[in-house]
Amino acid sequence: MGSDEKDFLACCGSSKFAMEMASASPFKTLEDAITTARNIWFNKVDVHGWLEAFEAHPQIGKSPSPNHKSETSAQWSKGEQTTALATATGSSLLELSDWNAKYMQKFGFVFLICASGRSTSEILTELKKRYPNRPIIEFENAAQEQMKITELRLAKLFSTKAEAASTHDQQPMALKKKAEEDRVSIIGAHLTAPSQEPADKTSQISSRTRPPITTHVLDVSRGSPAVGMDVKLEMWMNEQSRPSFDKTDTGGWVMQGFSTTDKDGRSGQLMNIVDSVNPGIYRISFNTGKYCPGGFFPYVSLVFEIRETQKSEHFHVPLLFSPFSFTTYRGS
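Residues numbered from 1 in each chain as written. Predicted model: local features only at pLDDT ≥ 70, side-chain atom pairs only at ≥ 80, totals over all residues. Heavy atoms only, no water.

## Observations regarding the overall build of the protein
Going by this rule: Think of it this way: any DSSP run of H or I at least four residues long counts as a helix, any run of E at least two long counts as a strand, and we number them from the N terminus. Note on classification: 1.4 Å probe, protein chains only; a residue is buried when its accessible area is under 20% of the maximum for its type, exposed when over 50%, partly exposed between these limits. Contact criterion: two residues are considered in contact whenever any of their non-hydrogen atoms come within 4.5 Å of each other. Surface accessibility follows the Shrake-Rupley procedure with a 1.4 Å probe radius. Residue values consider only the protein chains on display as shielding.
Counting its secondary structure elements, the protein contains twelve helices and ten strands. By the burial criterion, 50% of the 332 residues in the protein qualify as buried. Of all intrachain contacts in the protein linking residues separated by at least 6 positions in sequence, the fraction that spans at least 24 positions is 70%. When the accessible area of the protein is evaluated, it comes to approximately 16,500 Å², of which 54% is carbon and sulfur surface.

## Looking at the pattern of salt bridges
Any two side chains of opposite charge can pair if their charged atoms end up close together. Note the cut-off: Between Lys or Arg on one side and Asp or Glu on the other, a salt bridge is scored when a side-chain nitrogen of the former is within 4 Å of a carboxyl oxygen of the latter.
Scanning all chains against the criterion turns up twelve salt bridges. In this structure, Glu-20 engages Lys-16 in a salt bridge whose closest nitrogen and oxygen atoms are separated by 2.9 Å. With a gap of four residues between them, Glu-20 and Lys-16 both fall in helix α2 (residues 15–24), about one helical turn apart. The residue Lys-44 makes a salt bridge to Glu-20 at a minimum N-O spacing of 3.9 Å. One end of the pair, Lys-44, is in the loop between α3 (30–43) and α4 (47–55); the other, Glu-20, is in helix α2, and 24 residues separate them in sequence. The class of Glu-20 is buried, set by a relative accessible area of 19%. Residues participating in the shared-partner salt-bridge network are Lys-16, Glu-20 and Lys-44.

## Concerning the sheet that holds strand β7 (residues 300–306)
Rules: DSSP calls a pair of strands paired once it identifies at least 2 bridges connecting them. Helix axes are fitted to C-alpha atoms over the stretch in contact, other axes to C-alpha atoms as well, and angles between N-to-C directions run from 0 to 180 degrees.
What the four strands build is an open sheet, ordered β5-β4-β6-β7; its pairing is antiparallel. Strands with a single pairing partner mark the edges of an open sheet, and in this sheet they are β5 (253–260) and β7. Averaged over all pairs of adjacent strands, the angle between their axes in this sheet comes to 20°, without regard to strand direction. Note: strand β4 (residues 230–236) against strand β6 (residues 280–286), five bridges, orientation antiparallel. Bridging from a neighbouring strand, Met-235 pairs with Tyr-282 of β6.

## Regarding the pairing of strand β10 (residues 325–328)
Pairing of strand β9 (residues 319–322) with β10 involves four bridges; the strand directions are antiparallel. Along β10, the bridge assignment pairs Leu-320 with Thr-327. Between β9 and β10, which pair antiparallel and follow one another directly, the connecting turn spans two residues.

## Some details on the sheet that holds strand β3 (residues 224–225)
Taken in spatial order, the four strands line up as β3-β2-β9-β10 in an open sheet, and their pairing is mixed. In this open sheet, the two edge strands, each paired with only one partner strand, are β3 and β10.

## Looking at the UniProt feature "binding site: substrate" (unreviewed entry) in the protein
The condition is simple: UniProt positions are given in the numbering used here, feature names are shortened, and annotations may be inferred rather than shown by experiment.
The residues that UniProt annotates with the feature "binding site: substrate" (unreviewed entry) are His-216, Arg-266 and Tyr-329. Summarising the element assignment, Arg-266 is placed in the loop between β5 and β6. Position of Tyr-329 among the secondary structure elements: in the segment after β10.

## Overview of the side chain of His-314
What counts is decided by this rule: Here a polar contact is recorded for every N or O atom pair within 3.5 Å, except that within protein the pair must consist of a potential hydrogen donor and a potential acceptor, and residues adjacent in sequence are included only if both atoms are side-chain atoms.
Within the secondary structure, His-314 sits in the loop between β7 and β8 (315–316). Here the side chain of His-314 touches Arg-210 through a polar contact of 3.3 Å, side chain to side chain. In this structure the side chain of His-314 is engaged in a polar contact, spanning 3.0 Å, whose partner is the side chain of Thr-214.

## Re the environment of Leu-270
Among the structural elements, Leu-270 can be located in the loop between β5 and β6. The class for Leu-270 is buried, based on a relative accessible area of 0%. For the pair Leu-270 and Ile-284, spaced 14 residues apart in sequence, the C-alpha to C-alpha distance is 9.5 Å. In this view, Leu-270 contacts Gly-117, Thr-215, Val-231, Leu-233, Gln-256, Gly-257, Phe-258, Ser-259 and Ile-284; residues no more than four positions away in its chain are not counted.

## Points about the nonpolar core
Definition in use: Here, nonpolar core means buried Ala, Val, Leu, Ile, Met, Phe, Trp, Tyr and Cys residues that are tied together by side-chain atoms lying within 4.5 Å of each other. An automatic or database domain assignment is the source of the domain bounds shown.
Grouped together as the largest cluster of nonpolar side chains are 69 residues, with contacts concentrated most on Trp-41, Phe-54, Ile-284 and Phe-286. With ten residues, the top contributor of residues to this core is helix α9 (residues 135–167). There are two domains that each give this core at least three residues, and those are domain 1 (5–163) and domain 2 (213–241 + 251–328). Excluding residues within four positions of it along the chain, Trp-41 makes contact with Cys-12, Ser-14, Phe-17, Gly-49, Trp-50, Ala-53, Phe-54, Ala-143, Gln-146 and Met-147.

## Observations regarding the side chain of Ser-14
As for its position among the elements, Ser-14 is in the loop between α1 (5–11) and α2. Given a relative accessible area of 0%, Ser-14 falls into the buried group.

## Looking at α3
A turn of α-helix holds 3.6 residues, and therefore any two residues three or four places apart point the same way. As a reminder of what qualifies: Helices are assigned an expected span. That span is 1.5 Å times one less than the residue count. Arc, as used here, means the arc of the directions from the helix axis to the C-beta atoms.
End to end, α3 covers 20 Å across 14 residues, agreeing with the expected 20 Å (1.5 Å per residue, within 8%). Taken as a whole, α3 has its buried residues at Leu-30, Ala-33, Ile-34, Ala-37, Ile-40 and Trp-41. Seen from one end, α3 has its buried residues packed into an arc of 130°, which puts them on one side. Of the residues flanking the start of α3, the one acting as N-cap is Thr-29, its side-chain oxygen 3.1 Å from the backbone nitrogen of Asp-32.

## Observations regarding the packing of aromatic side chains
Each aromatic ring pair is specified by the distance between its two centres and by the angle formed by the two planes. Applicable threshold: In this analysis, rings of Phe, Tyr and Trp, with Trp reduced to its six-membered ring, are considered paired at centre separations within 6.5 Å, and the interplanar angle assigns stacked below 30 degrees, edge-to-face beyond 60, and tilted for intermediate values. Any Lys NZ or Arg CZ found within 6 Å of a ring centre and within 35 degrees of that ring's normal is scored as a charge over the ring.
Across all of its chains, the model carries 18 aromatic pairs by this definition. Measuring from centroid to centroid gives 6.3 Å for Phe-8 and Phe-27, while their planes differ by 85°, and the two rings are edge-to-face. Note that Phe-8 is positioned in helix α1 and Phe-27 in the loop between α2 and α3, a separation of 19 residues in sequence. Its relative accessible area of 6% is what places Phe-27 among the buried residues. Where Tyr-103 meets Phe-109, the ring centres are 5.9 Å apart and the plane angle is 75°; that geometry is what we call edge-to-face. As far as burial versus exposure is concerned, Tyr-103 and Phe-109 are alike and both buried. Taken together, Trp-41, Phe-42, Trp-50, Phe-54, Trp-99, Tyr-103, Phe-107, Phe-109, Phe-111, Tyr-131 and Phe-139 form an aromatic cluster joined through their ring pairs. Here Lys-102 stacks its cationic end above the ring of Trp-99, 3.8 Å away from the centre of that ring. The residue whose ring lies beneath Lys-106 is Tyr-131, and the NZ or CZ to ring-centre distance is 4.7 Å.

Quick look at the structure:
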């Protein structure tokens, strides 16, 4: 994939990051791009570059500035906050605004979190949890969250470039421009894996009432829901290979969503509500070590594949957990 600085600036607002990525481009695979991005972000971009990237993000709950230096980044930011805004109330938005202001006053930069798939209440909880941190700790937290966002956006950029290249010689100029605008709109609205449906179909209201992939955690040692367990959903995005039992599979996984189980043991939204889930290999991981520090499992990860013929189905992946054992199955 060949891209210029403008493309990479949409993924991460650091000029140094964009320049280094453009210099290292083109990338053969998404995995190569993400590996390079991580090295640049954590080893080559300095403190000023980190702050520059943080400043490119609007506060959670607010729209990007009209004079944002990257229009694509602004559209993606709006898409990343879709779930938060959909679950917000007037009072929760006011509370979020107050806490954002407190955070900014204490740390000097915007509260940064990979908001894709997270509700307003989840974001507020995380903000309050991180607020007592020392500045040096919170600076590192913000950098880690920026990297999560960058990985998601690189996946979108990689897909968009590949799709544009394949249709470059097949569309008249006007149609090509329209398709490009449609892709950006879809990406900004969903921020999930690449959609294979036409733009007019993707923009229709979904007939689902819940995301295609959900989970529910039960603590069988207590006979009750597991409350407060962190859960994340990832998708394998390396088109050149598949995750394998025999090979190290780091680098190809891209975050789709993160949540914490509620009082019923159910996670929040791990992905957007869409009619057709993108076929591919997914991994759902549970932070069992944090939930039960004295248990046997530091974490539990479940890998499963959704095939083309299953993209309209619902996949419920429950976890029945105790400190020294766990069981799972595909529910409905």
